[in-house]
Structures are given as structure tokens and as C-alpha cells.
Amino acid sequence: MVGTFYGVRLPESSASEVDALAKNFAFEPMSISMPAGFEKQEVRKVNKAFKHIDAWISSVGAGIALNDLDRDGLPNDLCVSDPRIDQAVVTPAPTRGDAYAAFALDPAPLGVSTTMAPMGCVPGDYNEDGAMDLLVYYWGRTPVIFENEGAEGAPLTADSFRPTELLPGKPGAKYTGPLWNSNTAAVADFDGDGHDDIYIGNYFPDSPVLDPSKDGGVTMNDSLSQARNGGGGHFFRWTPDGYEKTDDAIPQGLDKGWSLGASAADLDGDRLPEVYLAHDFGTSALLHNVSRPGEIRFREVKAEHSGTVPKSKELGRSSFKGMGVDFGDLNHDGLYDMFVSNITTSFGIQESNFAFVNRADSKAELRGSFLEGEAPYEDESAPLGLAWSGWGWDVKMGDFDNDGNLEITQALGFVKGKHNRWPQLQELATANDALVANPQWWPNVEVGDDLAGSQRMRFFAKDQESGRYANLSQELGIGEPVPTRGIATADVDGDGRLDMAVARQWDEPAFFRNVSENAGSSLQLTLTHPDGAPVVGAEVCVELPDGTMRVARLDGGGGHSGKRSTDVHIGLGKGVQGPLPTVLTWRDRNGDVHEQKLRLEPGRHGFELGTQAKEK
């Protein structure tokens, strides 16, 4: 058995190879300012039926986002959802010092309750006035949009944001609306009308999860591999009179998943973004966008079934615990690939992350496959060295050393304590699905218990010679043994290098300033409509001197609980000089598609995208 193990195990990067890769990166850890005056907790109060698993129920809610909220021209403002105080907080990036005092977003005078908790926030210009607002999603209520009414250039305060309901409900100081339990959101122009729509993914079905006065009225998943009794997803379509909830956009069988992550990108070149839904307990899916203006519709597409690939490694057939997802071009073919986080803990629950690599030769070929219901993606996580990491959550791809290759950052870990609960969880993993929906059959996971609590976040970088990725987080000083949840990336100080902010579950959020002295050059674009709102979904394709292409999109916000800024960042490599052939593709406010060829020097550029691209 020992000989077989050494004969079949995949190669690993040597210490010298890891050290050589790590020299390309350097991060300075910095503290994020948080507001005082809030009582801190170490676990949430929960429904009596969940009391013996209150640490499990309290294992989510740390979120983080980076964007330009005060309109100073840089994405150097943070929105942090902190479970220790159950508040969504706006605070300046630590590179700015005390630009303004950190403050919590107050939903009042909208209805509030003691049984609600924020899970994440998504910056976006939801009222199209040129200022970035904040969408906050919760457990225990429907989402709230905090409209940014702060004066341009003035320090932000709590009075800068006016709360409005995403889903209109009954007015009153006490919240009495639907008990949504939301864990993810994605923003994109799903129906192609030129305006951003919203997807909200719920975990538990509508129920009093955080109400300690109730005993029951809640459920757990009805399966560990194909659960279809979760909160599911809801799409909200932009209209001139506000957002309108749409029904039946998600195919039946996928509309009641246990949503933990979602991300959108136009994969087939028709300027309608596809969506990947990361569902816990199976049913994760890639949805092909077949919408039209005024109507949001998706159809599921799956990988062709093969007798040589395990079913759980085929896109659309996996029973794994989908936790987070991001899109990026890993192999420079101009087509987006996907990284999906799952639970991959040795001697715990050993699934596999997914690196779904696009096997189509062109976007046109991919579109033809989608129309036939097929998704030509293959999981290459094992040969790329990305299959196993830990209890995965959010994932973000980005070129942190500007060498032209995407690095992959991944949040890891579950519940931190002293008492190992893996044996009990393994027993549950082998239980009959008829039992698991009832909370009483779940093993105790309370304060002091541990499940993957000391796992360290990952920072995967590609070794050019082997083509495999190596984890550098400890070498770079960013891999503390504490559970992490959300990851946000942005160039907060305008130096051409991506920085990173990380939300930690039941611990201080962290900021890592990129101080690498070996970084190459980059192209950074701020793309806005004439009204000043970001052109979500706009795509940038750059041709490098060697003839290879680099492609990136303006991401409106997706993943688990981390949201990157709405700037486009493309690493170009060392010694690259311009001007470089660049193609911009976008939809204008009328929904019309435009493409414009430019030649751009490396560095920062701003464009107003109407019927033409005008540099600002």
C-alpha cells in the first residue's frame, strides 16, 4: 500500500521551487479600522432546534468588498460584514490612514429585528446617479440597498447612505417581511437591456433561523449530495420604477439549492452573462443565458457524460459541496475558465476543487455547444495542483505580480475550537438522506468545537516550467491558521499592483498591501456609462507583443462573500511597452452592443462608454 501511494501520488512543488515563486510577491499586512461601541459576541443566538449546532449555524457572515465609495478616483473604501458585532461597516482602506471614521450602516427607518444579521455587501450604482451604493444581504430579512447620497469629495458618514428596500414590504420599525437567509449575490445585466440586474442566493429556506424564541419551523438539507429544499435564488430585474422580482428564471430542480456562491460572465460572446451557481450539498450548475430585454431566463448546460471521468467531476453532475466560484482565463486562449471551491480536507471530507477549463476552440463553438445543452469544460484541478486545499469558500483570481498569469486566492476553514468534531461529521456524511433534514440527527458543533479551524487561506501561483500551481500563502505571510470567508481585490493606491482584503470568520478582517518589487506592468481601466455608473460586463482584450491575448471583464460582484472592485486589471509582464492593441466590448444604456479597437499604453485609463469609447 505504501508503494502504491508513492507510485500514484501527484507531484508536488519542491521547497526551492516554492521559494523561487514567492520572490515575485510581497505583501504588507495592515489592520482595518472598525467602529467602537458594539458589544462583541462569539456565537449567534439561534432557533432552539439549532442550539446544539449553534457554532455551525454561526459559521458564515464574514464578508468584504472594495470599491470607490467617496468618489476620490480610487477603490480604497471597504464594506465589511462582521459577525462579531453583526453589522455591515464602511471603513477606509488602511493605506488612507484616518480619511474618515469607520461606521455601521443602519437600516432604520426600515424595519429591523434582533433576529437579523448581515452576510455580505455588494457595491454598485443601483440608482444610476454616478455614486456607488451598497447592497447588503442578510439572514432574517430581505436585502437592503443603501443609496449613496454623500457629497463628492466629502468624508463618508452613516448619514451618507439612505436605506431602501430591494423587495418592497410593510413599513414599520419592526421587520415583519419574509425571513430570507441570503448568502451570496451577483450583479450583472442579465437581460441585456443596458441596466444592471441583481441575483440573490439564499441558503436556508425562509425560516426563523436566528430567532432563539422559536423551537422549530426550520430544516436542514434533505440530502448531502442532491439537496433541493434550500432557499434557492431570486432574480431582480432593473426597471425605471425600481427593481422587480422575476420568477421562473432558474430551471426547476435548481431553484431550491442551498446557495453559497454565484458568479456571472459572458462565456459565449453574445454579451449576455452566464451564471454559475455554487450550491452546498450538490446541485451546483452552469446556466446558459437565453434572456431578452425585459425577461430573464436560463437553461442548464452540462458536460458530456464520459465513462472515464467520475460523475462528481463532471460539470453539472457533481454532488460536491459548492462553496464559491470565480471566472478567469487560466490558459490564455481568450475563453473564460472556472475555479470552484469545495470541501477538500484529507482524513475529513475529501472532495476536490474544480478547475473547469474551457475546451471549445472559440466563443462561437462554445455558443453552439450551449444551445445543444452541452458545456465543453473539463476539470483539470488535479494536474494543475489545485484539487486539494481544505474547507473552501470564496475564490478570487487576479494577477498580483503582473506577469500575465492569474494567481488564485481561496478562503478556507470552518469552525475554530479545541475539540475535534471530524469523527462525528464523518458519521453524518454516511447517514441516510432521510435523516439529515431533521436537525436533531446532526452532531453537536458548539463553541469550543473544531472543524477545519486551523486551515490557512491559499495563494496559488503558477510555476511556468511545470505548469502546476503552488500554494505560497505561508511564505508570503498571509496564511494565518484562522477561518477565512470573503476575499476582495483592488488596486487601492493606484500603483498598478492588486491589493487584497480578507474577511475572517469570528476574527479581525485583514488587509494585505501589495509591495512587490518584482511586478511587471499592467493595464488598468475604469469604464463608466455617461451617467458615471460602471459598465458591468464590459470586456477588455489585450494583445501582448508575443501575440498572446489577455482578457478580463468588469465584474459587477460575485463569489461567496468577497467582492472585487469594478475596475479592470490586466497584468502585462515585465518590460512590456505600448501602445498595445486593445479591444473594448460593451452594452450601452439602450442595450446595444459596441466594439472598439484602441491602442493603449500600460497604466491607468478611464473611458466613458456610450455609443463610442471616449477617454476621460
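Parameters and conventions
- Residues numbered from 1 in each chain as written.
- Predicted model: local features only at pLDDT ≥ 70, side-chain atom pairs only at ≥ 80, totals over all residues.
- Heavy atoms only, no water.
- Helix = DSSP H or I, 4+ residues; strand = E, 2+ residues; numbered from the N terminus.
- Rg over C-alpha atoms; globule rule 2.2 N^0.38 Å.
- Buried < 20%, exposed > 50% of the residue type's maximum accessible area, 1.4 Å probe, protein only.
- Contact = heavy atoms within 4.5 Å.
- Areas by Shrake-Rupley, 256 points an atom, 1.4 Å probe, with all protein chains shown as cover.
- Lys, Arg positive; Asp, Glu negative; His and termini not counted.
- Charge placed at Lys NZ, Arg CZ, Asp CG, Glu CD.
- 1 Å grid on protein atoms, 1.4 Å probe; cavity = no way out; pocket = protein on both sides within 12 Å on 5 of 7 lines; lining within 4 Å.
- Points joined across faces, edges and corners; volume = space filled by probe spheres on them.
- Nonpolar A, V, L, I, M, F, W, Y, C, P; charged D, E, K, R; others polar.
- UniProt positions renumbered as here; feature names shortened; annotations may be inferred.
- Phe/Tyr/Trp six-rings, centres within 6.5 Å; stacked < 30°, edge-to-face > 60°.
- Lys NZ or Arg CZ within 6 Å of the ring centre and 35° of its normal.
- Polar contact = N/O pair within 3.5 Å; in protein donor to acceptor, adjacent residues only side chain to side chain.
- Pairing = 2+ DSSP bridges.
- Axes fitted to C-alpha atoms, helices over the stretch in contact; angles between N-to-C directions.
- Arc of directions from axis to C-beta.
- Core = buried A, V, L, I, M, F, W, Y, C linked by side-chain atoms within 4.5 Å.
- Salt bridge = Lys/Arg side-chain N within 4 Å of Asp/Glu carboxyl O.

An unreviewed UniProt entry annotates the protein chain as CRTAC1 family protein originating from Streptomyces atrovirens.

Caption draft 1: Structural detail: the overall build of the protein chain. Counting its secondary structure elements, the protein chain contains 7 helices and 39 strands. Since a compact globule built from 616 residues should have a radius of gyration of about 25 Å, the 23 Å found for the protein chain is in line with a globular shape. Projected onto its principal axes, the C-alpha coordinates of the protein chain cover approximately 70 × 65 × 50 Å. Looking at the protein chain residue by residue over its 616 residues, the buried ones come to 63%. A sequence separation of at least 24 residues applies to 64% of the contacts in the protein chain between residues at least 6 apart. Counting every atom, the protein chain has about 22,800 Å² of accessible surface; 49% of that belongs to carbon and sulfur. Taking the average place of the 55 positive charges on the side chains of the protein chain and the average place of its 92 negative ones, the gap between the two points comes to 4 Å.

Caption draft 2: Seen up close, empty space enclosed by the protein. In this structure the tally under the stated criterion is 3 cavities of 30 Å³ or more. Estimated volume of the largest cavity: approximately 430 Å³. Around the largest cavity, the lining is made up of 29 residues, and of these Met-397, Gly-398, Leu-406, Ala-552 and His-569 lie nearest the centre. Secondary-structure elements contributing two or more residues to the lining of the largest cavity are strand 18 (324–328), strand 22 (392–398), strand 28 (484–490), strand 33 (549–553) and strand 35 (568–573). For the lining of the largest cavity, the leading source of residues is strand 33, giving 5 residues. Its residues placed into classes, the lining of the largest cavity shows 11 nonpolar, 10 polar and 8 charged.

Caption draft 3: Highlighting the side chain of Asp-82. With respect to the helices and strands, Asp-82 occurs in strand 3 (residues 77–82). A relative accessible area of 3% means that Asp-82 is categorised as buried. Ignoring sequence-local partners within four residues, the contact set of Asp-82 consists of Met-34, Gly-61 and Gln-87.

Caption draft 4: How the structure looks around the UniProt feature "domain: ASPIC/UnbV" (unreviewed entry) in the protein chain. Mapped onto the present numbering, the UniProt feature "domain: ASPIC/UnbV" (unreviewed entry) falls on residues 536–574. For residues 536–574, the end-to-end C-alpha separation is 29 Å, with 0% helix and 46% strand making up the annotated structure.

Caption draft 5: Summary view of the layout of surface pockets. Within this model, the second largest pocket holds a volume of roughly 650 Å³. As for the second largest pocket, its lining consists of 25 residues, and the residues nearest its centre are Ile-85, Asp-86, Gln-87, Thr-114 and Met-116. Among the elements of the structure, strand 4 (87–92), strand 6 (117–124) and strand 7 (133–139) are those that each provide at least two residues to the lining of the second largest pocket. Looking at the lining of the second largest pocket residue by residue, the classes come out as 14 nonpolar, 5 polar and 6 charged.

Caption draft 6: Highlighting the packing of aromatic side chains. Applying the stated criterion to the full structure yields 27 aromatic pairs. When the ring of Tyr-203 is compared with that of Phe-281, the centres are 6.5 Å apart and the planes differ by 40°; the resulting orientation is tilted. Here Tyr-203, found in the loop between strand 11 (197–202) and strand 12 (232–239), pairs with Phe-281, found in the loop between strand 15 (274–280) and strand 16 (285–289); they are 78 residues apart in sequence, far enough to count as distant. For Phe-281, a relative accessible area of 5% gives the class buried. Consider the rings of Trp-258 and Phe-281, whose centres lie 6.0 Å apart with planes at 85°: the pair is edge-to-face. Pair noted here: Trp-258 is in strand 14 (residues 258–265) and Phe-281 is in the loop between strand 15 and strand 16, with a separation of 23 residues, a long-range link. In this structure an aromatic cluster arises from ring pairing among Phe-50, Trp-139, Tyr-203, Phe-204, Trp-258 and Phe-281. For Arg-553, the ring lying beneath its charged end belongs to Tyr-336, and the centroid distance is 6.0 Å.

Caption draft 7: Inspection of the environment of Arg-237 at higher detail. With respect to the element layout, Arg-237 can be found in strand 12. In this view, Arg-237 contacts Asp-191, Asp-197, Gly-242, Tyr-243, Glu-244, Thr-246, Gly-294, Glu-295 and Ile-296; residues no more than four positions away in its chain are not counted. A distance of 3.3 Å separates the side chain of Arg-237 from the backbone oxygen of Gly-294, its partner in a polar contact.

Caption draft 8: Region of the structure containing the sheet that holds strand 39 (residues 613–615). Spatially, the 4 strands line up as an open sheet ordered 35-31-38-39, and their pairing is mixed. The open sheet has two free edges, formed respectively by strand 35 and strand 39, since each of these has just one partner strand. Looking at each pair of strands side by side, their axes are set apart by 30° on average, direction ignored. Relative to strand 39, strand 38 (residues 603–609) runs antiparallel, the two being bridged by 3 bridges. Counted as the bridge partner of Phe-607 is Glu-615 from strand 39.

Caption draft 9: Local environment of helix 6 (residues 422–429). All of the buried residues in helix 6 are Trp-422, Leu-425 and Leu-428. Here the buried residues of helix 6 occupy an arc of 115° about the axis, which is enough to place them on one side. Where helix 6 is buried, its residues contact helix 3 (54–57), strand 24 (419–420), helix 7 (433–436) and strand 25 (449–450).

Caption draft 10: Fine view of the pairing of strand 26 (residues 458–462). Within strand 26, 4 of the 5 residues are buried, which leaves it mostly tucked inside the rest of the structure. Sheet analysis places strand 23 (residues 407–412) next to strand 26, joined by 3 bridges and oriented antiparallel. When the bridges of strand 26 are listed, Ile-408 appears paired with Phe-460. Strand direction decides the pairing type here: strand 26 and strand 27 (residues 469–471), joined by 3 bridges, are antiparallel. Opposite Ala-461, over in strand 27, you have Ala-470 as the bridge partner.

Caption draft 11: Broad picture of the nonpolar core. Within the largest apolar cluster, 72 residues are counted, with the highest numbers of intra-cluster contacts made by Trp-56, Ile-57, Ile-198 and Trp-391. The residues touching Ile-198, leaving out its near neighbours within four places in the chain, are Tyr-126, Leu-135, Ile-145, Leu-166, Ala-186, Val-187, Phe-190, His-234, Phe-235, Phe-236 and Tyr-243. Core analysis: the second largest hydrophobic core is formed by 39 residues, Leu-287, Leu-523, Leu-525 and Trp-586 among them.

Caption draft 12: Main features of the pattern of salt bridges. According to the stated counting rule, one finds 33 salt bridges in the structure shown. Residues Glu-128 and Arg-589 are paired through a salt bridge, measuring 3.3 Å at the closest nitrogen-oxygen approach. With Glu-128 in the loop between strand 6 and strand 7 and Arg-589 in the loop between strand 36 (580–587) and strand 37 (593–600), this residue pair connects regions lying 461 residues apart in the sequence. Connected through salt bridges with shared partners, the residues Asp-70, Asp-72, Asp-77 and Arg-96 form a single ionic network.

Caption draft 13: Spotlight on the sheet that holds strand 12. The strand order across the open sheet formed by 4 strands is 10-11-12-13, and the pairing between neighbours is antiparallel. Edge positions in the sheet fall to strand 10 (182–188) and strand 13 (242–246), since each of these pairs with one other strand and no more. Strand-to-strand twist in this sheet, taken as the mean axis angle between neighbours without regard to direction, amounts to 25°. Where strand 10 and strand 11 come together, 6 bridges link them in antiparallel fashion. From the neighbouring strand, Ser-182 faces strand 11, where its bridge partner is Asn-202.

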